[in-house]
Amino acid sequence: AQSVTQLDSQVPVFEEAPVELRCNYSSSVSVYLFWYVQYPNQGLQLLLKYLSGSTLVKGINGFEAEFNKSQTSFHLRKPSVHISDTAEYFCAVIQTGANNLFFGTGTRLTVIP
Amino acid sequence: DAGVTQSPTHLIKTRGQHVTLRCSPISGHKSVSWYQQVLGQGPQFIFQYYEKEERGRGNFPDRFSARQFPNYSSELNVNALLLGDSALYLCASSPRTENTEAFFGQGTRLTVV
C-alpha cells in the first residue's frame, strides 16, 4: 500500500518571501515522485519530478524539491514567491512498475501582496 | 501541438442518468488515464488504457467504464449517476504505460443534481 501526506492544507505567504510545501510518502517499494500545480478551474501542470539521480530536482517557475529517502519526504521550495504562484499544489507518487499516480490531498498556497 | 483536450468542459446531469466524457490525447501518446477529483481532494485514479487495452483500474464501482479507440481517444462512461459523482474528471495522456510523463487536460466539471 502507498500513501501521500501533505502536511499543510493551506499555506499563506507574503510576496517575495520563501515557501516550503511539505510532502511525505509511504510505500513498501521504491517510488517516483512528482509535484503538480493546479490553477483555478484548470487541469494539472507538472512542476517537477524525481525518477533517479540527483536528489535535488529543479522544475519550472523557479520551484525545486529535494528527495530524502531516509525521511520519505519530497518537500517543494521556492526562494521568492509571486502573486501568480497562488494555486493548489499536489504531491504524487507512482510505485515503480505501477501505472497510476497516487495524489495527496493538496496544499493551497496563497501569496499575499 | 494541441495538448490533451476534453469535452464537454461542464455538464449538469440528474441522478440516475448516464454520462459520457471524452478525451483526445496528445498526438503520439498511446496511454490515456482517467482521474476523479472531488472538491477539496486530490485526484483519484479510475482507469488507464494503453493501445486500446485496460491496463489499470482504481477502486470505483462497476457503474464506471471506459474504452479507448483506434485513434487513442477515450471515453469515460458513468451509469446511474449519484450526487457523489459530482467532481472534476481529468484525463491524462502519456507516451508509455508508466505515467512518468503524464499530461493532463483541463477536465470536465460534472454536476449531478
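Note: the structure precedes this text.
Residues numbered from 1 in each chain as written. Chains lettered and ligands numbered in written order. Predicted model: local features only at pLDDT ≥ 70, side-chain atom pairs only at ≥ 80, totals over all residues. Heavy atoms only, no water.

Here we look at the overall build of chain A
To keep it simple, the criterion reads: Where helices and strands are cited, they refer to DSSP runs of H or I of at least four residues and of E of at least two residues respectively, numbered from the N terminus. In this description the radius of gyration comes from C-alpha coordinates, and the expected globular size is given by 2.2 Å times residues to the power 0.38. Pairs of residues are marked as contacts when any of their non-hydrogen atoms sit within 4.5 Å. Calculation of accessible area relied on Shrake-Rupley with a 1.4 Å probe; when residues are assessed, cover is drawn exclusively from the protein chains displayed. In summary, the charge assignment counts Lys and Arg as positive and Asp and Glu as negative, without counting His or the chain termini. Where a charge sits is defined by one atom per residue type, namely NZ (Lys), CZ (Arg), CG (Asp) or CD (Glu).
Of the regular secondary structure elements, chain A holds 0 helices and 12 strands. Each helix and strand of chain A, ordered N terminal to C terminal, gives the series β-β-β-β-β-β-β-β-β-β-β-β. At 13 Å, chain A has a C-alpha radius of gyration in line with the 13 Å of a compact globule built from 113 residues. Dimensions of chain A, computed from C-alpha atoms along their principal axes, come out at roughly 45 × 30 × 20 Å. Contacts in chain A between residues at least 24 apart in sequence constitute 56% of all its contacts with a sequence separation of at least 6. Only carbon and sulfur atoms are counted for the fraction: they give 51% of the accessible area of chain A, which is about 5300 Å². A distance of 8 Å separates the average location of the 7 positive side-chain charges in chain A from that of its 8 negative side-chain charges.

Quick notes on the state of the cysteines
Put simply, the test is: Disulfide assignment relies on a single distance test, namely cysteine sulfur atoms paired within 2.5 Å. Under the scheme applied here, a residue whose accessible area is under 20% of the maximum for its type counts as buried, over 50% as exposed, and between as partly exposed, the area being computed with a 1.4 Å probe on protein chains only.
For the coordinates displayed, the defined rule picks out 2 disulfides over all chains. Between the sulfur of C23 of chain A and that of C91 of chain A lies a disulfide, 2.0 Å long from S to S. Because the torsion about its S-S bond is -65°, the bridge between C23 of chain A and C91 of chain A counts as left-handed. Remark: C91 of chain A occurs in strand β10 (residues 87–95) and C23 of chain A occurs in the loop between β3 (19–21) and β4 (24–27); sequence separation between them is 68 residues. You can call C23 of chain A buried: its relative accessible area is 0%. Residue class for C91 of chain A comes out buried when judged on its relative accessible area of 0%. Across a sulfur-sulfur distance of 1.8 Å, C23 of chain B and C91 of chain B are joined as a disulfide pair.

Section: the interface of chain A and chain B
It is common to give the size of an interface as the accessible area that goes away when the parts come together. Basically, it comes down to this: Once two parts are brought into contact, the accessible area they lose, counted with a 1.4 Å probe and summed over both, makes up the buried area. For this document, the term salt bridge refers to a Lys or Arg side-chain nitrogen within 4 Å of an Asp or Glu carboxyl oxygen. Polar contacts, as used here, are pairs of N or O atoms within 3.5 Å; protein pairs need one atom able to donate a hydrogen and one able to accept it. Residues neighboring in sequence count only if both atoms are side-chain atoms. Residues are grouped as follows: Ala, Val, Leu, Ile, Met, Phe, Trp, Tyr, Cys and Pro are nonpolar; Asp, Glu, Lys and Arg are charged; every other residue, Gly included, is polar.
Listed per partner, the contact involves 20 residues of chain A and 20 residues of chain B. Each partner contributes to the roughly 1500 Å² buried at the junction of chain A and chain B, and carbon and sulfur atoms together form 51% of this total. Considering only the surface of chain A that becomes buried against chain B, L44, N99 and L101 of chain A emerge as the three largest contributors, covering 31% of it. Our count for the chain A to chain B interface comes out at 0 salt bridges. Inspection of the region where chain A meets chain B yields 6 residue pairs in polar contact (both at pLDDT 80 or more). The set of elements that each furnish at least two residues to the side of chain A that touches chain B consists of β5 (31–38), β6 (44–50) and β10 of chain A. In terms of residue count, β5 of chain A provides more of the side of chain A that touches chain B than any other element does, 4 residues in total. Within the side of chain A that touches chain B, the residues separate by chemical class into 10 nonpolar, 9 polar and 1 charged.

A word on the side chain of S93 of chain B
All names here are of chain B. Along the chain, the position of S93 falls in strand β9 (residues 87–94). A distance of 3.3 Å separates a polar atom in the side chain of S93 from the backbone nitrogen of I26. There is a polar contact of 2.8 Å between the side chain of S93 and the side chain of H29. Contact partners of S93, with chain neighbours within four places excluded, come to V4, P25, I26, H29, S31, E101, A102 and F103.

Considerations on the nonpolar core
Selection rule: We define the nonpolar core as a collection of buried residues of types Ala, Val, Leu, Ile, Met, Phe, Trp, Tyr and Cys that are connected through side-chain atoms lying within 4.5 Å of one another.
With 27 residues, the main nonpolar core has L33, W35, L47, L48, F74, L76 and Y89 of chain A as its most contacted residues. Other than its neighbours up to four places away in sequence, Y89 of chain A contacts Q6, L21, W35, Y36, V37, L47, F63, L76, G106, T107 and L109 of chain A. Counting residues in hydrophobic clusters, the runner-up holds 22 residues, among them L11, W34, A87 and V112 of chain B.

With respect to the sheet that holds strand β7 (residues 64–68) of chain B
All names here are of chain B. For the record, the criterion: We treat two strands as partners when DSSP finds at least two bridges between them. Inter-axis angles, ranging from 0 to 180 degrees, are taken between N-to-C directions of lines fitted to C-alpha atoms, where helices are fitted over the stretch in contact.
Strand order across the open sheet formed by 4 strands is β1-β3-β8-β7, with antiparallel pairing between neighbours. A strand with exactly one partner marks an edge of an open sheet, and here the two such strands are β1 (5–7) and β7. Across the sheet, the mean angle separating the axes of adjacent strands is 15° when strand polarity is ignored.

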